Structure formats: C-alpha cells, structure tokens
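Understanding the architecture of this molecule
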Amino acid sequence: MVEDGKAAAGVLVCGSGNGVCMAANKHKGIRAALCWTEELASLARSHNNANVLCVPARFVSPELAEKMTATFMTTAFEGGRHERRVEKI
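Here is what the cut-offs are and how they apply
- Residues numbered from 1 in each chain as written.
- Predicted model: local features only at pLDDT ≥ 70, side-chain atom pairs only at ≥ 80, totals over all residues.
- Heavy atoms only, no water.
- Helix = DSSP H or I, 4+ residues; strand = E, 2+ residues; numbered from the N terminus.
- Expected span 1.5 Å × (residues − 1).
- Buried < 20%, exposed > 50% of the residue type's maximum accessible area, 1.4 Å probe, protein only.
- Arc of directions from axis to C-beta.
- Core = buried A, V, L, I, M, F, W, Y, C linked by side-chain atoms within 4.5 Å.
- Contact = heavy atoms within 4.5 Å.
- Pairing = 2+ DSSP bridges.
- Axes fitted to C-alpha atoms, helices over the stretch in contact; angles between N-to-C directions.
- Disulfide = S-S within 2.5 Å.

1. Overview of helix H3 (residues 62-74)
The end-to-end C-alpha distance of H3 is 18 Å, a good match for the 18 Å that 13 residues give at a rise of 1.5 Å each. Within the span of H3, buried status applies to Ala65, Met68, Thr71 and Phe72. Projected down its long axis, H3 shows its buried positions confined to an angular sector of 130°, all on one face. Along H3, the residues that are exposed and aim more than 90 degrees away from the buried face are Pro62, Glu63, Glu66 and Thr74.

2. So, the nonpolar core
Core analysis: the largest hydrophobic core is formed by eleven residues, namely Ala33, Cys35, Ala41, Ala44, Ala50, Leu53, Val55, Val60, Ala65, Met68 and Phe72. Those elements that place two or more of their residues in this core are helix H2 (38-48), strand S3 (52-56) and H3. Ranked by residues supplied to this core, first place goes to H3 with three residues. For Phe72, the residues in contact, after removing those within four places along its chain, are Ala9, Gly10, Ala41, Ala44, Arg45, Ala50, Asn51, Val52 and Leu53.

3. What about the sheet that holds S3?
Spatially, S1-S3-S2 is the arrangement adopted by the three strands of the open sheet, whose pairing is parallel. Two strands close off the open sheet at either side, each with one partner strand: strand S1 (10-14) and strand S2 (32-34). For this sheet, the mean inter-axis angle between neighbouring strands, taken without regard to orientation, is 25°. Summarising the sheet, S1 and S3 pair through five bridges and their orientation is parallel. Across the sheet, the residue bridging to Val13 is Val55, located in S3. Against the sheet, H3 contacts S1 and S3, and its axis sits at roughly 165° relative to S3.

4. Observations regarding the state of the cysteines
The final tally for this structure, using the stated rule, is zero disulfides. Cys14 takes part in no disulfide bond, and the closest cysteine sulfur to it belongs to Cys54, at a distance of 7.7 Å. Owing to a relative accessible area of 21%, Cys14 belongs among the partly exposed residues under this scheme. The thiol of Cys54 is not disulfide-bonded; the next cysteine sulfur, from Cys21, is found 3.9 Å away. Taking relative accessible area as the criterion, Cys54 reaches 0% and is therefore assigned buried.

This is the structure:
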C-alpha cells in the first residue's frame, strides 16, 4: 500500500525484522527502517524519512512495539541537511 501511494507509512513485523526490511527496501519508493527502540524509530523518520517501520518481534515487547509505532507515525521528516541523502536513496 505504501508503494502504490494508498498509505503514507506502514509497519512490518517478523522475528528479527531483517527479512521484512530487506524485502521491503527492494520496492520503489520504500524506505524501510529496522528499529528496536523509540529513539531509532524517531530518527528513522526525522533523519531518513523512512516510510516503513520494521519491528523485530523476538526482541521487543508488544508494548514497546506500540510505542515505537506511535513515535514513527507522529514524527516528521526534518528535511534540511538530511534532504540530499534521502534523495539519493
């Protein structure tokens, strides 16, 4: 849904988070980030304009996954000094 523009952002979950993250990043327009803390979820959005959060279910609690998702969905991209790098992705 993110790839075709029907959704602005998405969340993927698997055991380590690595598999879904690698697969997602093969799709045009997807910038998936593997995160295991709220801070990483925030930085993925604010510095890298990530649009898909990948959650490693074996390594985070359901409560932390919910907090990370909320943080990811509400954090804005800062642009500025990060814009050039994101445009290269």
